[in-house]
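As a plain string of letters, each chain reads:
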Amino acid sequence: MTTALRDRTIAGSTLELRGVARSYGNVPAVRDVSFSLQPGEICGYLGANGCGKTTTLRMVAGLLPPTSGNIFYDGQSIHADLPGYREVMGYVPEEPYLYSHLSGTEYLELVGGLRRLPATAVRRRIEVALGTLGLSGSRDAPISTYSKGMKQKILLAAALLHDPEVLILDEPLSGLDVNAVQLVHHLFRQLAERGRIVLYSSHILEVVERLCNRVIVLHQGRVVADAPVTRLRELLQAPSLDAAFAQLTARRDPEADARALVKALAE
Amino acid sequence: MTSMLRLIRHFARLFFNPDIAVAGADPRGVWVVIAAVLAFPAVPLFLELAVAAGDPLPWLAFYMLLGMAVSGLMAAAAWDKLLPTRADFLILGALPMRTWAIAVAKLTALALALALVVPGVNAFSVVVLPILTVPDSAGMGVLLRAMGAQAAATAAGSLWVFLVILALQAAMLAAFGEDSLAERGLRLTVIFGLMLVLGLAPILSAPGAFASALRSRNPLLQPLRWFWAVHAILSGAAGVGSVTLAWRGVEALAAAGLAALMLGALATWRAASTAFARRPTHPAAPRLSAWLGRCLRAREERAVFRFGLATLARDRQHAVCLSAWLGLGAGLAAANFAWVILWAESAAQVGIALLAAPLILGFVLLMGLRQGFAIPVDLPANWIFQQSDNASANARLQAAWAMLAFCGVVPVASIAFCLAGWCVGARAGIEAATVTVLLLLLLVEVLLLGFDKVPYTCSHVSGRANFKYAWPLYCAGFAVFSFTSSSWEFRLRTRPGANLIVAVVVAGLVLGLSRRRRRCWQALGHCRYTERLNPVVEPFMTSGTDF
């Protein structure tokens, strides 16, 4: 990372998406998405399955280039200095894609090495991260033997290893037990208090309601709401975020749908 | 079709899956390959036999032994996969079927596979050999009897070898479990299997040795005598003691069958009862990679190097591929030795063969390591390389050189030192090791010409590596590298001055190519990643990595 970028980051940088769109062939996945995130913000990124959440997060993580529009970090396009941006960004993907033949420790050492972190610092951080996340006992077991939750913890540890300024989290709680979920909540809050930007995608609306100070709702690739949770509920006169989400995404009546399915199965 | 029949068909198919280099594929396909390789020498030998009239008995015995060896290799190649494994119970246990049904289906499929492969491999010898050896004046009855005798003796011998190995495997699986045996066993089997196949080739030139083996009292050769006695009785050529020997064969067959059945049941019970138990934690990662990594400067280089070592050591695809290459190298070296010992006319030929052995092994090993770089491991996990990408790919590529140097050059140079040091003396050992290091480093530089991919992360094989068209070049390169250079080395050993000049020239070439390679890698800049067309289905697209 360049020194200039690091200096700006310390001062507090914003992450901004301007008219970002992404198509796969002729199929548009994300259309004209714009928002900006300030340091210290935990933003929930919500939407139904296949609405473009993961695609947006991959673009923000620099893994996918947008078809049109641009993503800026501290006023500079992330694609102008992608390696520099990647050094201040941590990403937890939706699927736990890891090298299954490595152990948890070896995987984290690989990530630390690729990020050119000093070996002693990497070892210390791995020790603390694995201990805190309850993986000390499995640290030398191959990842192929890990449960989904354990893999998710390794992904979280890998994303945090270089103390990133921006955290992009795609369903980070998937498979985690209750204690780990609590720990991760506190972790995100404390990181936000330290000025980190947290962009958080999840389907568990109760968690988002408790954790995030702002939500962005995506529907069919477009942003249909961008406001603090309380403001959103007020605007839509909804008793909960779940009800507000149902209104925004034009959700069908789930009870009626379930009844129809049960009836069809019984016939 | 009942669920049992479906299961049997499923398991039987697995025995003929040839994709041993595909992730998650079953390595049992290697059976057929080994069987085919072993059966192949039959063709030229039959032609030779047809021309040279002599005593046919050693040939008949030799092919019976070949059939037994094929069965043994097939059983050993499949290693722990012959009996129901924990994976079978994990996958099928959730379905509404009993444990015994899974075990019975797998064993039935095994019997089916055996019933197809063993006669298939031996059919040619069983049918053609009697036609060539039975005199024309003898009637059809004599010919059919000879065929039947050869078939029965070969089948009995093959079945006995197979059952003995199955019983041994079952005993080891029951005692130690799958984890401790599976991977190591597979690798060793591939290495020793290829060594045996290639080392056997020169011995095939002297089948007369079997005539004396059939009369030997050596306990190791007794199984051959038992089943040869079966042949003698059925073909009407029984001698004194044939019946006793044949009975011993029948008893041995029954004992091996019983042992395989009982120990197999025990191993199956263990696999079923531990299927859903948590796998034991592996011991701490080998510290060797950490120690070797300290020799490298850049952190990224160290990280990729250690990732590469772990991949070679633990990923099944890479382990099997490298074992196959290693087995090929060791086999070629062994065959070269055997040939020289059988046919060498001067001490110089033996000396050249001695010096050529590490070069043969090194050439094949480096080729295998280089080929392995293009076989990706866990493609979807490559996103971490993209996500931690920085401005220069140089350090990541440098790890490829380190892999070839540490895993190819260093071990082979050590072998050269030990071999020459043990046979001739310490000074010869040092000289041989130095020459080996220089020649192998030269080969490393040649193999890395135009190489621009992070090892084990890319499935794209460059056009230059098109083996289909370039194999004559590889063969010529192999011959020159292994035999011409060892011949020079042997001739120059008495002329230190000339030896030094050659060493300096080779070292200069290595340095020149090394500087060129570094410049090319530095000029590459950072890594580039290509996308797949349908990322919605396969989310991460770093698989088509190129630069």
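Each value, and the rule that gives it
Residues numbered from 1 in each chain as written. Chains lettered and ligands numbered in written order. Predicted model: local features only at pLDDT ≥ 70, side-chain atom pairs only at ≥ 80, totals over all residues. Helix = DSSP H or I, 4+ residues; strand = E, 2+ residues; numbered from the N terminus. Buried ≥ 20, exposed ≤ 12 C-beta atoms within 10 Å, placed from the backbone. Contact = placed C-beta atoms within 7 Å. Core = buried A, V, L, I, M, F, W, Y, C linked by C-beta atoms within 7 Å. Pairing = 2+ DSSP bridges. Axes fitted to C-alpha atoms, helices over the stretch in contact; angles between N-to-C directions.

Novice: Looking at this model, I keep getting lost on the overall build of chain B. Mind explaining?
Specialist: Per the secondary structure count, chain B includes 20 helices and zero strands. Scored against the burial criterion, the 547 residues of chain B give a buried share of 44%. Pairs at least 24 apart in sequence give 79% of the contacts found in chain B among residues at least 6 apart.

Novice: Can you help me understand the nonpolar core in this one?
Specialist: In globular proteins that are soluble, nonpolar side chains generally tend to be buried together. Tyr107, Ile168, Val198 and Leu199 of chain A together with Leu404, Leu440 and Val444 of chain B are the most contacted members of the largest nonpolar core, which has 154 residues in total. If one sorts the elements of this core by residue count, helix α17 (residues 394-423) of chain B sits on top with 16 residues. Counting 58 residues, the second-largest nonpolar core is a separate cluster that includes Leu65, Leu73, Phe162 and Ala260 of chain B.

Novice: Help me understand unusual backbone geometry in this model?
Specialist: Backbone phi values are negative for most residues with the exception of glycine, while trans is the configuration of most peptide bonds. All names here are of chain A. The backbone of Asp163 shows a phi angle near 50°, a positive value even though the residue is not glycine. Given 13 C-beta atoms within a 10 Å radius, Asp163 is considered partly exposed. Phi angles above zero are rare outside glycine, and Gln220 is one such case at about 50°. By the secondary structure assignment, Gln220 is in the loop between β9 (214-219) and β10 (222-227).

Novice: When you look at the environment of Arg58 of chain A in this model, what are you seeing that I'm missing?
Specialist: All names here are of chain A. Examined against the element boundaries, Arg58 turns out to sit in helix α2 (residues 53-60). Sequence separation of Arg58 and Asp170 is 112 residues, and the distance between their C-alpha atoms is 9.0 Å. With near-sequence residues (within four places) excluded, Arg58 lies in contact with Leu63 and Leu64.

Novice: Please explain the sheet that holds strand β5 (residues 76-77) of chain A as it appears in this structure.
Specialist: Strands in a sheet are paired, the pairing made by backbone hydrogen bonds, and the direction either parallel or antiparallel. Residue and element names in this part refer to chain A. Read across the open sheet, the four strands follow the order β2-β1-β4-β5; overall the sheet is antiparallel. The open sheet is flanked by β2 (27-37) and β5, the only strands paired with a single partner. Relative to strand β4 (residues 68-73), strand β1 (residues 15-24) is paired through five bridges, and the arrangement is antiparallel. Bridge pairing in β4 links Ala21 to Ser68. In the packing of α2 onto the sheet, the strands contacted are β1, β2 and β4, and the crossing angle to β2 comes to about 55°.

Interpretation in functional terms is not warranted from these geometric data alone.
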